[in-house]
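# Fold and geometry: a report
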Amino acid sequence: MGAKNRRTNLLKSLPEKSILILTAGKEINQSEDATFPFCVNRNFFYLTNISQANSILVISKTDRVKEYLFIDDYDEKKEKWYGKKLTHEEAKQLSEINEIHSLTNLNNELREILKSVSNVYLDFKMDNTYFNDVKKSFPNLKINNVYPNIVNLRMIKDESEINDIKEAIKITHLGLKRVIQELKTASNEMEVYNAFNHEILNHGTHEIAFPSIIATGVHTCCLHYPTPTDQIDRSSLILCDVGAAYNHYSSDVTRTYPISGKFNDLQKKIYSIVLLANKTIIDAIRPNVTLTDLQELTKKTLIKGCLDNGLVKEASELEKYYFHNVSHHLGLDTHDASVKEKPLAPGMVITVEPGLYFKEHKIGVRIEDDVLVTKDGHEVLSKEIVKEIDDIEKLFIGGN
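As a starting point, this report considers the structure included with it. The shown structure was predicted, so the numbers you read here are calculated from the model rather than taken from an experiment. (Residues numbered from 1 in each chain as written. Predicted model: local features only at pLDDT ≥ 70, side-chain atom pairs only at ≥ 80, totals over all residues. Heavy atoms only, no water.)

On to the overall build of the protein, then. Within the protein one finds 13 helices and 19 strands. The proportion of buried residues among the 400 residues of the protein is 52%. Considering only contacts in the protein between residues 6 or more positions apart, those separated by 24 or more positions represent 68%. Of the roughly 18,900 Å² that the protein leaves accessible, carbon and sulfur atoms contribute 50%. In the protein, the 50 positive side-chain charges and the 57 negative ones have mean positions that sit 3 Å from each other. (Helix = DSSP H or I, 4+ residues; strand = E, 2+ residues; numbered from the N terminus. Buried < 20%, exposed > 50% of the residue type's maximum accessible area, 1.4 Å probe, protein only. Contact = heavy atoms within 4.5 Å. Areas by Shrake-Rupley, 256 points an atom, 1.4 Å probe, with all protein chains shown as cover. Lys, Arg positive; Asp, Glu negative; His and termini not counted. Charge placed at Lys NZ, Arg CZ, Asp CG, Glu CD.)

Written out as structure tokens, the structure reads:
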């Protein structure tokens, strides 16, 4: 659909005599003369295709719609120090916005536009202090939060967004193949962590969707294990919750592997229960189902599996071994902006990630796939990344 059509659809939800103002965000100081890597406001990127800091989108909806993009002026001297900035023409091509203006003119031009509007729409999750001085001149303006309007659009992915997610998954798959190879000789978690990150950064993306979770042994029972520094016990499992991003769109895939190349009996028993839950939830995905429905089905499936295999004595014990949700929306954010209570609809992309975590056995298993909701049901976007026990064990024997 593209950013231009997204802006058109967003404006349909705003009243006449309105103005939308969105900022890309600012660079944040890390130390005396350095900044943290810039991360663009995803709502801004969604509507502009622009990832550059200090950029501001302004759209007025009065007698006619007018779109403006304010960016830093090109500065040849700064480019020598800090790298290339967009020219006005490049910003115009990326955003399909004709009115590209210098950021230094923002306040003066806003004052003119605000004379003909009654409502201002801002993203309340962003820093809007740049607007404070101008606002003082227009005390009767009604200030509104545009975030919910954008979220309702972002939940339904267009074809280009789905293709970007698919590309991110392909790159993630390459990273997991590298993990399998690394596990044959790795002695500590950090070797595997570095191998995955290096592989995906080598294949068409400069982004890791989120800090890679590479956990072995008892650490597989920590959902967001942050310090992959332990030595590897080759009789244990490794849980890899990982994702590349492509054009800012995330993948989010989890696979759990036996480091030795073969599951032992208890590992296989627990893995099989989680795998059945993963496949059961995926089969249930279709329009009008809710994430709550999927969570309840997950619990029922895991409870039955644990009781049937003697892993628990009572259903109430499950909360000790399964303590997270089975799904979240996926897109420009790994945990993508969404209204969680809203029923599923075609074009939504969600994760399916049941798990069981038996700390006393040092066994944690999570299996996560990325799934597109379609008109008739679903499509598993990560289906090429193997998860059956026999297929996983074959990866350790031969090629992948």
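Two side chains with opposite charge may pair up if their charged atoms get near one another. Counted according to the given criterion, the structure contains 20 salt bridges. The salt bridge involving aspartate 369 is made with lysine 387; its shortest N-O contact spans 2.7 Å. A residue pair is termed long-range when its members are at least 10 positions apart, and aspartate 369 in strand β18 (residues 369-373) and lysine 387 in the loop between β19 (378-380) and α13 (389-397) qualify at 18 residues. The buried category is assigned to lysine 387, whose relative accessible area is 14%. Salt bridges here are not isolated pairs; linked through shared partners, they connect Arg154, Lys157, Asp333 and Asp336. (Salt bridge = Lys/Arg side-chain N within 4 Å of Asp/Glu carboxyl O.)

Let us look at the state of the cysteines. Under the counting rule described, the total for this entry stands at zero disulfides. For the unlinked cysteine cysteine 221, the closest cysteine sulfur is that of cysteine 222, found at 9.0 Å. (Disulfide = S-S within 2.5 Å.)

We now examine the pairing of strand β15 (residues 349-352). Taking every second residue as pointing to the same face, both faces of β15 are buried, with Val349 and Thr351 on one and Ile350 and Val352 on the other. Summarising the sheet, β15 and β18 pair through four bridges and their orientation is antiparallel. Residue pairing for β18: valine 349 is matched across the bridge by leucine 372. (Pairing = 2+ DSSP bridges.)

Turning next to the sheet that holds β19. Sheet strands pair via backbone hydrogen bonds, and the direction of the pair is either parallel or antiparallel. With antiparallel pairing, three strands are arranged side by side in an open sheet as β15-β18-β19. The sheet is open, and its two edges are formed by β15 and β19, each paired on a single side. Pairwise comparison of adjacent strand axes, ignoring direction, gives a mean angle of 30 degrees for this sheet. As judged from the three bridges shared by β18 and β19, these two strands associate in the antiparallel manner. Counterpart to valine 371 in the pairing with β19 is valine 380. (Axes fitted to C-alpha atoms, helices over the stretch in contact; angles between N-to-C directions.)

On to the side chain of asparagine 197, then. Tracing the backbone shows asparagine 197 in helix α9 (residues 189-201). By relative accessible area, which is 10% here, asparagine 197 ends up buried. Discounting chain neighbours no more than four positions away, the residues touching asparagine 197 are Ile208 and Ser212.

This paragraph deals with the packing of helix α8 (residues 159-183) against α9. Packed helices, taken two at a time, are described by their axes: the angle between them and the distance between them. The geometry of α8 relative to α9 is characterised by a closest axis approach of 8 Å and an angle of 145 degrees between their N-to-C directions. The handedness of the crossing between α8 and α9 comes out as right-handed. Of the residues in α9, those touching α8 at Ile171, Thr172, Leu174, Gly175, Leu176, Arg178, Val179, Glu182 and Leu183 are Glu191, Val192, Ala195, Phe196, His198, Glu199 and Ile200. Considered class by class, the residues forming the contact of α8 with α9 number nine nonpolar, three polar and four charged. (Left-handed = near helix turned anticlockwise from the far one by under 90°. Nonpolar A, V, L, I, M, F, W, Y, C, P; charged D, E, K, R; others polar.)

Below, the discussion takes up helix α5 (residues 106-114). Listed in full, the buried residues belonging to α5 are Leu106, Leu110, Ile113 and Leu114. Taken around the axis of α5, the buried residues stretch over an arc of 95 degrees, which confines them to a single face. What points out from α5, more than 90 degrees from its buried face, is the exposed set Asn108 and Glu112. Tucked inside the fold, the buried residues of α5 contact β1 (18-23), β4 (56-61), β5 (65-71), β6 (99-102), β7 (119-122) and α6 (132-136). (Arc of directions from axis to C-beta.)

Don't take any of this as a statement about function, it's just geometry.
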